[in-house]
Amino acid sequence: VQLQACGGGLVQAGGSLRLSCAASGRTFSDNPTGWFRQAPGKEREFVAAISWTGVSTFYANSVKGRFTISRDNAKNTVYLQMNSLKPDDTAVYFCAATTKSGSYSPQIKSEYDYWGQGTQVTVSS
């Protein structure tokens, strides 16, 4: 499966953006999906994840209450709504999907089998 992330851009602090992650090649409606981000000079870090049903969601403490992850399996797409953006949110955002069908650790990068190419989010102060 190929993942294509888009929706990044330049926004002022306090603003909002919605990222999309579209899958092609095969459906990924059975795959838990996550968002990670990587700022310059830093490790790639977990942002949010969602179960394949969409019922369960997980968030990093730094984005909890500001970001919302959702999915539309009919469109083979996962979204990340980002509100109240801060300069510290500036990073390249990546979506990822895992083929694991049982329990998994959504915060762990190695749990994911497929990665998108990333989309740049820049938040100005």
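Please refer to the structure placed before this passage.
On a predicted model such as this, the values are computed, not experimentally measured, just so you know. (Residues numbered from 1 in each chain as written. Predicted model: local features only at pLDDT ≥ 70, side-chain atom pairs only at ≥ 80, totals over all residues. Heavy atoms only, no water.)

A. Broad picture of the sheet that holds strand S7 (residues 67-72). Strand order across the open sheet formed by four strands is S1-S3-S8-S7, with antiparallel pairing between neighbours. Lying at the two open borders of the sheet, with one neighbouring strand each, are strand S1 (2-6) and S7. Within the sheet, the average angular offset between the axes of one strand and its neighbour, ignoring direction, is 15 degrees. Relative to strand S8 (residues 77-82), strand S3 (residues 17-24) is paired through six bridges, and the arrangement is antiparallel. Looking at the pairing, alanine 22 lines up with threonine 77 of S8. (Pairing = 2+ DSSP bridges. Helix = DSSP H or I, 4+ residues; strand = E, 2+ residues; numbered from the N terminus. Axes fitted to C-alpha atoms, helices over the stretch in contact; angles between N-to-C directions.)

B. Quick look at the packing of aromatic side chains. Per the stated rule, a full pass over the model turns up five aromatic pairs. Aromatic pair tyrosine 112 and tryptophan 115: ring centres 6.1 Å apart, planes at 65 degrees, arrangement edge-to-face. Here the guanidinium or amino end of arginine 44 rests over the ring plane of phenylalanine 94, the centre of that ring lying 3.6 Å away. The ring of tryptophan 115 has arginine 44 sitting right over it, with the charged end atom 5.1 Å from the ring centre. (Phe/Tyr/Trp six-rings, centres within 6.5 Å; stacked < 30°, edge-to-face > 60°. Lys NZ or Arg CZ within 6 Å of the ring centre and 35° of its normal.)

C. Quick peek at the pattern of salt bridges. A full pass over the atoms with the stated rule returns four salt bridges. Arginine 66 is the salt-bridge partner of aspartate 89, the closest N and O atoms lying 2.7 Å from each other. Remark: arginine 66 occurs in the loop between strand S6 (57-59) and S7 and aspartate 89 occurs in the loop between S8 and strand S9 (91-97); sequence separation between them is 23 residues. Given the relative accessible area of 1%, aspartate 89 is considered buried. With a relative accessible area of 11%, arginine 66 lands in the buried category. A salt bridge links lysine 100 to glutamate 111, with the shortest nitrogen-to-oxygen separation between them at 3.6 Å. With lysine 100 in the loop between S9 and strand S10 (114-115) and glutamate 111 in the loop between S9 and S10, this pair connects stretches of sequence that are eleven residues apart. Note on glutamate 111: relative accessible area 16%, which makes it buried. (Salt bridge = Lys/Arg side-chain N within 4 Å of Asp/Glu carboxyl O. Buried < 20%, exposed > 50% of the residue type's maximum accessible area, 1.4 Å probe, protein only.)

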